[in-house]
Amino acid sequence: MKQFYGEKTFGLIDCNNFYVSCERLFRPDLANKPVVVLSNNDGCIIARSNEVKKLGISMGAPYFKHKALIRKYNVTVFSSNYPLYGDISQRVMDVLMQMEPEVEVYSIDEAFITFPKGKYLDLENYAGFLKNTVQRDTGIPVSIGFGPTKTLAKIATWFAKKKSSTDSTFVMNDQHHLETLLAGVDVSDIWGIGRRYADRLKKQGVHTALALIQCNDTWIKKQLTIAGLRTVMELRGIPCISLEKAPPVKKSIGTSRSFGQPVHALSALQEAVATYTTQAAFKLRSRGLKASIIHVFIRTNSFRKEQAQYCNSKTLTLSESSSHTATLIKAALTSLKAIYQPGYHYQKAGILLSGLVPENYEQLHLFNAPDPSSISLMEAVDTINKRWGRDTIQSGAVGLIRDWCHRQLEKSPAYTTRWSELPIVKAAPPETFSVA
Ligand SMILES: [Mg+2]
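Residues numbered from 1 in each chain as written. Predicted model: local features only at pLDDT ≥ 70, side-chain atom pairs only at ≥ 80, totals over all residues. Heavy atoms only, no water.

Structural notes on the sheet that holds strand β5 (residues 103–107)
Within a beta sheet, neighbouring strands are joined by backbone hydrogen bonds and run either parallel or antiparallel to one another. For clarity, the threshold we go by: Pairing between strands is defined by DSSP: at least two bridges between them are needed. The helix count covers DSSP runs of H or I at least four residues long, the strand count covers runs of E at least two residues long, and both are numbered beginning at the N terminus. Working convention: axes come from line fits to C-alpha atoms, limited for helices to the stretch in contact. Angles between N-to-C directions cover 0 to 180 degrees. Here, two residues are considered to be in contact whenever any of their heavy atoms come within 4.5 Å of each other.
With mixed pairing, five strands are arranged side by side in an open sheet as β5-β6-β1-β7-β8. A single partner strand is all that each edge strand has here, and the edge strands are β5 and β8 (169–171). Direction aside, the axes of adjacent strands within the sheet are offset by 15 degrees on average. Here strand β1 (residues 8–15) runs beside strand β6 (residues 110–116); their pairing, made up of seven bridges, is antiparallel. Bridging across to β6, Lys-8 finds its partner in Pro-116. Against the sheet, helix α6 (residues 150–162) engages β1, β5, β6, β7 (142–147) and β8, with an angle of about 135 degrees to β7.

This is the structure:
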């Protein structure tokens, strides 16, 4: 009989209620208390503690709809604090990379690992050890699933989360075990099968992962394309998707956001677009890239049907690729001016940088050699902003008042990324507060 595990074992490590767990790190008084984290602009609920899940508040639910419930159950509310989550995520990934040579950072709170057959004799034991190590070194609780393929590891983690809150690890054992499990997995919960494909399968009577793996390959390929067939092979325990250790090369870098309140004036839109361009230019430089195409868009709120609607965008190609904030802002503002129409309630603006090339890729312009002083200026600005916070030095174009800025009324401090916001540890028994 075919061995259930092949040459490699795959694992998925998924941080539990990640944004909530990050907030609780610095607020240990909130352990076992209901907590939510809101999206940019405090619009929707994007992370919930288990206590909140039990109240029946769903993922992505609008905040205003549940305000009464939140007050009634004394739920603590946080605006999203991405510098904090990004930093804690890096710590979790660092711990995993110290333990395993093959790690794929899949998202801010998930990572795949893989290791050869026989490396660990007792997989249950190893999953527990890994979980405890991440928790001890970072303070973040995780769920871990092991299986013979990436897709099955993802399903194993899903079962790990369904188990008791104390254990939260799950190892697939054998073919029989697998089939029992897959009978309980809805096709819409399979990693790699989108909602449209799941609906199509259900219409044809295929509702569970078990029913899907029993279908004929030609039929599967016809319904789900070759990518779907690969997913089904993985569900059968045949590895077809390997770990992506290097992050895929970025094709574009963008920043866009909804405003805290509707914006009418060109000057406010200019400040917003300059701010987003500054942020995107910083990301560009930190990845060692330059951009040659800049795309700017603005739009009104399409949900407010009673208001006049307008949306437009403009793409501009630079004569020479650049990562210089002032050059990119100038191009972005030229595009903005061309598409701006007065008299509308603007709700969102954004920019997208593409045509990315490595910094050292020079296509010298006959009369326009890059000015070395402008490169060192950007390096100096980035160094200062990295150290003292990203708004320390910036272009005058981003404005000072910024009425349009998105709302973040409940944001916690940047505990780990800003000197001025470091947590202060008061004299207290060590078991009640420990800084990771
Ligand atoms: Mg998670």
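Following the structure, the description resumes.
With respect to the packing of helix α1 (residues 18–25) against helix α4 (residues 82–99)
Definition in use: Note on terminology: angles under 35 degrees are roughly parallel, angles over 145 are roughly antiparallel, angles of 65 to 115 are roughly perpendicular, and the others are oblique. Asp, Glu, Lys and Arg are counted as charged, while Ala, Val, Leu, Ile, Met, Phe, Trp, Tyr, Cys and Pro are counted as nonpolar; the rest, among them Gly, fall into the polar class.
The geometry of α1 relative to α4 is characterised by a closest axis approach of 10 Å and an angle of 95 degrees between their N-to-C directions. Of the possible angle classes, the one that applies to α1 and α4 is roughly perpendicular. Where α1 abuts α4, its residues Phe-18, Tyr-19, Cys-22, Glu-23 and Leu-25 lie against Tyr-82, Leu-84, Tyr-85, Ile-88 and Ser-89. Of the residues assigned to the contact of α1 with α4, the class counts are eight nonpolar, one polar and one charged.

Some details on the pairing of β6
Filter applied, for reference: For every residue, the accessible area (1.4 Å probe, protein chains only) is compared with the maximum for its type, and the residue is labelled buried under 20%, exposed over 50%, or partly exposed between those bounds.
In terms of burial, β6 is largely enclosed, as six of its seven residues are buried. Sheet analysis places β5 next to β6, joined by four bridges and oriented antiparallel. Within the sheet, the bridge partner assigned to Val-105 lies in β6 and is Ala-111. Remark: two residues form the turn of the hairpin made by β5 and β6, two consecutive strands paired antiparallel.

Focus: the coordination of the magnesium ion
Going by this rule: Metal coordination here is assigned from N, O and S atoms located within 2.8 Å of the ion, or within 3.2 Å for Na, K and Ca; omission of water means that sites may look incomplete.
Taken together, Asp-14 (OD), Cys-15 (O) and Asp-109 (OD) make up the protein donors of the magnesium ion, found 2.2 to 2.5 Å from the metal. The sequence motif formed by the donor residues of the magnesium ion is D-C-x93-D. Taken as a pair, Cys-15 in strand β1 and Asp-109 in the loop between β5 and β6 lie far apart in primary sequence, 94 residues in all.

Quick look at the packing of helix α8 (residues 195–203) against helix α10 (residues 217–235)
In contact at an axis separation of 10 Å, α8 and α10 are set at 150 degrees when each is read in the N-to-C sense. Relative to α10, α8 is oriented roughly antiparallel. In this structure, α8 contributes Tyr-197, Arg-200 and Leu-201 to the contact, and α10 contributes Trp-219, Lys-222, Gln-223, Leu-224 and Thr-225. For the contact of α8 with α10, the residue count by class is four nonpolar, two polar and two charged.

Details of the pattern of salt bridges
Rules: Whenever Lys or Arg places a side-chain nitrogen within 4 Å of a carboxyl oxygen from Asp or Glu, that contact is recorded as a salt bridge.
One pass over the full model with this rule turns up 13 salt bridges. Residue Glu-104 pairs with Lys-150 through a salt bridge whose shortest N-O separation is 2.7 Å. Here Lys-150 lies in helix α6 and Glu-104 lies in strand β5, a separation of 46 residues in the sequence. Taking the relative accessible area as the measure of exposure, Glu-104 reaches 5% and is therefore buried. By relative accessible area, which is 2% here, Lys-150 ends up buried.

A closer look at unusual backbone geometry
The residue Asn-32 is not glycine, and still its phi comes out positive at about 60 degrees. Its place among the elements puts Asn-32 in the loop between α1 and β2 (35–38). Judged by its relative accessible area of 66%, Asn-32 is exposed. Phi at Thr-225 is positive, roughly 65 degrees, even though this residue is not glycine. Position of Thr-225 relative to the elements: it lies in helix α10. Classification of Thr-225 as partly exposed rests on a relative accessible area of 36%.

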